[in-house]
Amino acid sequence: MRLHRYPFKAMGSLCELQLYAPSPAAADRAAAQAQRELQRLEAVYSRYRDDSLVTRINRSAGSAQGIEVDAETAALLDYAQQAWQESDGLFDISSGVLRRVWDFKAGRLPTQAEIDALLPRIGWDKLRWDKPRLWLPAGMELDFGGYVKEYAADCAARVCREAGLAHGLVDLGGDIALIGPHPDGAPWQVGIRNPRDPERAIARIPLAAGAIASSGDYERFMDVGGRRYCHILNPKTGWPVQGLAGVSVVAEHCLIAGTATTVAMLKGADEGPRWLAALGLPYLCILPDGQLLGSAKPSAE
């Protein structure tokens, strides 16, 4: 059984399917089905498309009728609500409005006044969610970008399994969902990016099942006055996280792993590792000086 690799771009990331299949045709079929599923999800949940459901949700803000959503979106909203509750409000899909003042390509920090003007538009507790209908207050919007890519990795892996494959993985920009281990049962060796040298791995974590997601201050950032400001923004303050350079979490589902990494980054170097330890999921935290903390058992590079 040969390994077939399919690199592509989706959801703003470099992606790859690595599929073991009994024939090239079987691998091609599974890869095509998985990529169609990813295209479907991107069309529904991309904030950059005028015809997406997310755009329609945000355009409904302030309306008395609200908007009714389908079962898949309702499940994602239920998940967002639960994550908001369990993270003490740090995981908040209404915080995307902050991108209006944070432009990491510009190299300019927003003023506190600019941030303060947006903070009243943030807060899951300010919207009304009565499944299947959602009401957004005027001026608020939702952004599924903080977790839909991880959800998509899980969906693509499921599609491959339904196509008859039992060995392989889905890699969406470093968020990885396993279809299954190598055919001989050996685990995949997942490289963890070095936040200060992202083209190299700082460690590798063996993974035979489930998923792993990573987050860090190296994805989108700017350095101003000798300080790094990254794209992970605290919904309560409007400012980027500080303290941890990177976090990787192993879980049964990539969606759960990705949420955990984001919340840990938001909680910072003191609270983040303790919160992950209490959660009981294998994790690896990377401090700005390169020190590794966590319960996952990596092999250092």
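In what follows, the structure referred to is the one given above.
**Some details on the pattern of salt bridges**
Link 1 in the chain: Under the counting rule described, the total for this entry stands at 21 salt bridges.
Link 2 in the chain: Close ionic contact of glutamate 72 with arginine 40 constitutes a salt bridge, the shortest N to O distance being 3.0 Å. Of this pair, glutamate 72 sits in helix 3 (residues 71-86) while arginine 40 is found in helix 1 (residues 24-45), placing the two residues 32 residues apart along the sequence.
Link 3 in the chain: On the basis of relative accessible area, glutamate 72 is assigned to the buried category, the value being 19%.
Link 4 in the chain: Among the residues examined, arginine 40 registers a relative accessible area of 34% and is labelled partly exposed.
Link 5 in the chain: Among the ionic pairs, glutamate 162 bridges to arginine 158, the shortest N-O distance being 3.4 Å. One end of the pair is glutamate 162 and the other is arginine 158, both in helix 5 (residues 148-162) and four residues apart, which spans about a single turn.
Link 6 in the chain: By relative accessible area, arginine 158 is classed as partly exposed at 34%.
Link 7 in the chain: One salt-bridge network, held together by shared partners, links Glu37, Arg40, Glu72, Arg158 and Glu162.

**As for the nonpolar core**
Link 1 in the chain: Ranked by internal contacts, the top residues of the largest apolar core, which has 75 residues, are Leu19, Ile57, Leu77, Leu142, Phe144, Tyr147 and Leu276.
Link 2 in the chain: For this core, the element with the highest residue contribution is helix 6 (residues 254-279), accounting for ten residues.
Link 3 in the chain: The next biggest cluster of nonpolar side chains, apart from the first, holds 16 residues, and it includes Ile176, Ile205, Val250 and Leu284.

**Structural notes on the pairing of strand 6 (residues 168-172)**
Link 1 in the chain: Taking burial as the measure, the five residues of strand 6 include four buried ones, the bulk of the element.
Link 2 in the chain: By the bridge criterion, five bridges tie strand 2 (residues 13-21) to strand 6 in an arrangement that is antiparallel. Its bridge partner being in strand 6, glutamate 16 is matched across the sheet by aspartate 171.
Link 3 in the chain: Strand direction decides the pairing type here: strand 6 and strand 7 (residues 175-180), joined by five bridges, are antiparallel. Looking at the pairing, aspartate 171 lines up with isoleucine 176 of strand 7.
Link 4 in the chain: Counting the residues in the hairpin turn of strand 6 and strand 7 gives two residues, including glycine 173, whose phi is positive at 60°.

**A look at the packing of aromatic side chains**
Link 1 in the chain: Counted according to the given criterion, the structure contains nine aromatic pairs.
Link 2 in the chain: Between phenylalanine 91 and tyrosine 147 the ring centres are 5.7 Å apart and the planes differ by 90°, which places this aromatic pair in the edge-to-face class. Taken together, the residues span a long stretch of sequence, with phenylalanine 91 in the loop between helix 3 and helix 4 (112-118) and tyrosine 147 in the loop between strand 5 (133-135) and helix 5 at a distance of 56 residues. The exposure classification of phenylalanine 91 matches that of tyrosine 147, with both residues buried.
Link 3 in the chain: A network of ring pairs unites the aromatic residues Tyr45, Tyr79, Phe91, Phe144 and Tyr147 as a single cluster.
Link 4 in the chain: Over the ring of tryptophan 135 we find arginine 128, and its NZ or CZ is 4.0 Å from the ring centre.
Link 5 in the chain: Over the ring of phenylalanine 221 we find arginine 228, and its NZ or CZ is 3.8 Å from the ring centre.

**Some points on helix 6**
Link 1 in the chain: Its 26 residues place the ends of helix 6 only 15 Å apart at the C-alpha level, less than the 38 Å of an ideal helix rising 1.5 Å per residue.
Link 2 in the chain: In the structure, helix 6 departs most strongly from a straight axis at glycine 268, where the bend amounts to approximately 145°.
Link 3 in the chain: Looking at the residues trailing helix 6, positive phi occurs at glycine 280, about 85°.

**Focus on the packing of helix 1 against helix 3**
Link 1 in the chain: Interhelical geometry of helix 1 versus helix 3 gives an angle of 70° and a closest axis separation of 12 Å. Relative to helix 3, the element helix 1 is oriented roughly perpendicular. Residue-level inspection shows Arg40, Leu41 and Tyr45 of helix 1 in contact with helix 3, the latter providing Glu72, Thr73 and Leu76.
Link 2 in the chain: Residues belonging to the contact of helix 1 with helix 3 are distributed by class as follows: three nonpolar, one polar and two charged.

**Topic: the packing of helix 3 against helix 6**
Packed helix pairs are specified by the crossing angle of their axes together with the interaxial distance, meaning the distance between the axes.
Link 1 in the chain: Between helix 3 and helix 6, the least distance of the axes is 12 Å, while the angle of their chain directions is 10°. Here helix 3 is positioned roughly parallel relative to helix 6, judged by the angle of their axes. The segment helix 3 lies against helix 6, with Tyr79, Ala83 and Glu86 engaging Leu255, Ile256, Thr259 and Trp275.

**A short note on the sheet that holds strand 2**
Link 1 in the chain: The eight strands are arranged 1-2-6-7-10-13-14-15 in an open sheet whose pairing can be described as antiparallel. Either end of the sheet is taken by a strand with one partner, and the two such strands are strand 1 (2-10) and strand 15 (292-293).
Link 2 in the chain: As paired strands, strand 1 and strand 2 are joined by nine bridges and run antiparallel to one another. In the sheet register, lysine 9 faces strand 2, and the bridge partner there is leucine 14.
Link 3 in the chain: The strands touched by helix 5 within the sheet are strand 2, strand 6, strand 7 and strand 10 (211-216), with strand 7 carrying the most contacts at an inclination of about 15°.

Quick notes on the rules
- Position numbers for residues count from 1 along each chain, tracking the sequence in the order it is written.
- This being a predicted model, a pLDDT of at least 70 is required before a residue's local features are given, and a value of 80 or more before pairs of side-chain atoms are given or counted; all residues contribute to the totals for chains, interfaces and linings.
- Water and hydrogen atoms were dropped before computing side-chain values, which therefore reflect all heavy atoms in the structure.
- Counted as salt bridges are all cases of a side-chain nitrogen of Lys or Arg within 4 Å of a carboxyl oxygen of Asp or Glu.
- Secondary structure is summarised from DSSP: a helix means a run of H or I of at least four residues, a strand means a run of E of at least two, and numbering begins at the N terminus for each.
- To sort residues, take the accessible area from a 1.4 Å probe on protein chains only and compare it with the maximum for the residue type: under 20% means buried, over 50% means exposed, and anything in between is partly exposed.
- In these notes, a set of buried Ala, Val, Leu, Ile, Met, Phe, Trp, Tyr and Cys residues joined through side-chain atoms within 4.5 Å is what counts as a nonpolar core.
- Two strands form a pair only when DSSP identifies at least two bridges running between them.
- Here is the rule: rings of Phe, Tyr and Trp (six-membered ring for Trp) pair when centre to centre is within 6.5 Å. Planes less than 30 degrees apart are stacked, more than 60 are edge-to-face, and the remainder are tilted.
- Any Lys NZ or Arg CZ found within 6 Å of a ring centre and within 35 degrees of that ring's normal is scored as a charge over the ring.
- To estimate how far a helix should extend, the number of its residues minus one is multiplied by 1.5 Å.
- The angle separating two fitted axes, one through the seven residues that finish at a residue and one through the seven that start at it, defines the bend at that residue.
- Helix axes are fitted only over the stretch in contact, all axes being lines through C-alpha atoms; the angle between N-to-C directions runs from 0 to 180 degrees.
- An angle below 35 degrees is treated as roughly parallel, one above 145 as roughly antiparallel, one from 65 to 115 as roughly perpendicular, and anything else as oblique.
- Between two residues, a contact is recorded if the distance between any of their heavy atoms is within 4.5 Å.
- In the scheme used here, Gly and all other residues not listed as nonpolar or charged are polar, with Ala, Val, Leu, Ile, Met, Phe, Trp, Tyr, Cys and Pro taken as nonpolar and Asp, Glu, Lys and Arg as charged.

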